[in-house]
Amino acid sequence: MSFRLKTVLLVLGASVIPYVLISLVFLYQLKNDISVIVQNELKSRIEQITGMVDHELKLITKDLEAAADMEVMADILTMDLDRRIFEVLERKKQAFSLVGDYYVCDLAQNVIVSTNQKIQIGSKLKTDGMFKKEIKPTFKNETIGFIYLDYKLQNLDKFLLSIPSQKFYVVNLSAISEPQIRGKAIGKITSMPPFAVVGEINKEEILSALDKRKNALLLYLVGGFAVIATFSYFFASTISRPILSLSEKIREIAESKEYSKRVEVTSKDEVAKASEAFNGLLSSMEDAISKLAHESENRLRLAEEQSKSETLSQMAQKLSRYISPQLVESIFSGEQNAKLESKRKKLTIFFSDIVDFTSTTDNMEAED
């Protein structure tokens, strides 16, 4: 594995591993955050819806009180029941766009006037769950009858606007069990107990939204990985390029033995310092090689001179066997030229004979 590849893998690993871990943590946190956000939003909407419902019911209650205090309601004492009470109640019903009807009853709960055209006048009214207000005329401080409002739960539909991820509805808490509302957001309607607004989360919609975010996150993850890989490659190449250049130059110098070459320094980092140090080493090696070459040349010259001297000495020894040592010495010292010439000198010559030389040599070998 090349140094560049190792560097790329190292930088890539150092960059991608934290990126992947952070992405996974973010994905996990996103899932939790979505659940928390949806729950908080659900609770907030429950509070908002409950507040609007209570506000409307208070308005309805106040309007019912105002209707009970109207002078027209005194007609029930005289049983002068023309259409005045009916028209007042009908206008109120239309003004509030109510689903339900108003009922005016006597003390025995018999219907006197109603906006419900289907009920028979004089019939007994079942008033369970209806809004109720006593009718007391201003001239007589006693109850002369009752006004009821049969307020239907459909009136609350305009507040229960569900969205794909959340669903809202009204329940009677006394008619359901606790497990049926466990884990759901509940807002009790204080103006109409025991009813409450219930909100629940559409888990499939939440999971679908989460899947979309997961897919988007995975797309970002792949894109981020590609960007990091590209950045890692160029960053690793930037790091490894001067080191590889230094290595290639060292190999080239080692193979060619040309220590005069130098590594080019293009940066100011640690690699540049190493290159400068290597160039300094090359200079030192070049100086050392130059000194060694000079010393070798001197030693070679000295060895040649010593060899010549020894050769001359050997020649002198050999010549001295045939020529006078004094003559040989004078020739080698330069006092006398070694050329053929004749000179006249006075010499003393001594002739002698060896006793029994002839008979001795007859019995000896030629070499001896």
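Residues numbered from 1 in each chain as written. Predicted model: local features only at pLDDT ≥ 70, side-chain atom pairs only at ≥ 80, totals over all residues. Heavy atoms only, no water.

Let's shift gears to the overall build of the protein. For the protein, the count of helices and strands is seven helices and seven strands. Mapped in sequence order, the helices and strands of the protein form the string α-α-α-β-β-β-β-β-β-β-α-α-α-α. Within the protein, buried positions represent 27% of all 368 residues. For the protein, the exposed surface amounts to about 26,000 Å²; the carbon and sulfur share of it is 56%. (Helix = DSSP H or I, 4+ residues; strand = E, 2+ residues; numbered from the N terminus. Buried < 20%, exposed > 50% of the residue type's maximum accessible area, 1.4 Å probe, protein only. Areas by Shrake-Rupley, 256 points an atom, 1.4 Å probe, with all protein chains shown as cover.)

Turning next to the side chain of E56. Along the chain, E56 falls in helix 1 (residues 3-68). The contact partners of E56, leaving out residues within four places of it in the chain, are Y151, N155, K158 and F159. (Contact = heavy atoms within 4.5 Å.)

Let's shift gears to empty space enclosed by the protein. Under the definition given, this model contains one cavity of 30 Å³ or more. Reported here for the largest cavity is a volume of approximately 40 Å³. Together, A68, D69, M70, E71, M73, A74, I135, K136, P137, T138 and I144 line the largest cavity. (1 Å grid on protein atoms, 1.4 Å probe; cavity = no way out; pocket = protein on both sides within 12 Å on 5 of 7 lines; lining within 4 Å. Points joined across faces, edges and corners; volume = space filled by probe spheres on them.)

Throughout the structure, instances matching the rule amount to two aromatic pairs. Measuring from centroid to centroid gives 5.8 Å for F131 and Y151, while their planes differ by 85°, and the two rings are edge-to-face. Taken together, the residues span a long stretch of sequence, with F131 in strand 3 (residues 131-135) and Y151 in strand 4 (residues 145-151) at a distance of 20 residues. Side by side, F131 and Y151 carry an identical accessibility label, which is buried. (Phe/Tyr/Trp six-rings, centres within 6.5 Å; stacked < 30°, edge-to-face > 60°.)

As a further point, take the sheet that holds strand 1 (residues 100-105). Read across the open sheet, the four strands follow the order 2-1-4-3; overall the sheet is antiparallel. Every other strand in the sheet has two partners, leaving strand 2 (111-114) and strand 3 as the edge strands with one partner each. Neighbour-to-neighbour, the strand axes of this sheet turn through a mean angle of 20°, independent of strand direction. The sheet contact formed by strand 1 and strand 4 spans six bridges and is antiparallel. In the strand pairing of strand 4, G100 is matched with Y151. (Pairing = 2+ DSSP bridges. Axes fitted to C-alpha atoms, helices over the stretch in contact; angles between N-to-C directions.)

By size, the foremost hydrophobic cluster in this structure holds 36 residues, and its most contacted members are V104, I147 and Y151. Breaking this core down by element, the ones donating at least two residues are helix 1, helix 3 (84-96), strand 1, strand 2, strand 3, strand 4 and strand 5 (166-172). Here the element with the most residues in this core is helix 1; it accounts for nine residues. In this structure, I147 is in contact with L64, A67, A68, M73, L89, Y102, Y103, V104, F131, K132, K133 and I135, ignoring residues within four places of it in sequence. (Core = buried A, V, L, I, M, F, W, Y, C linked by side-chain atoms within 4.5 Å.)

This brings us to the side chain of D63. With respect to the secondary-structure elements, D63 resides in helix 1. Residue D63 is classed as buried on the basis of its relative accessible area of 15%. With sequence-adjacent residues up to four places away left out, D63 is seen in contact with K92, F96 and Y102.

Below, the discussion takes up the sheet that holds strand 7 (residues 195-201). An order of 5-7-6 is seen for the three strands of this open sheet, with the pairing classed as antiparallel. At either end of the open sheet lies a strand with only one pairing partner, and these are strand 5 and strand 6 (185-188). Adjacent strand axes in the sheet meet at a mean angle of 25° when their direction is disregarded. Where strand 6 meets strand 7, four bridges bridge the pair, whose relative direction is antiparallel. For G187, the partnering residue across the bridge sits in strand 7 and is V197.

This prediction gives the protein a mean pLDDT of 78; 79% of its residues lie at or above 70. Per-element mean pLDDT across the protein ranges from 71 in helix 4 (residues 203-256) up to 92 in strand 1. (pLDDT = per-residue confidence, 0-100.)

On to unusual backbone geometry, then. For the peptide bond that leads from P193 to P194, omega is 0°, which places it in the cis range. Notably, S97 is not glycine yet its phi reads approximately 50°, a positive angle. Note that S97 resides in the loop between helix 3 and strand 1. One non-glycine residue, D356, lies in the positive phi region at around 60°. Residue class for D356 comes out exposed when judged on its relative accessible area of 53%.

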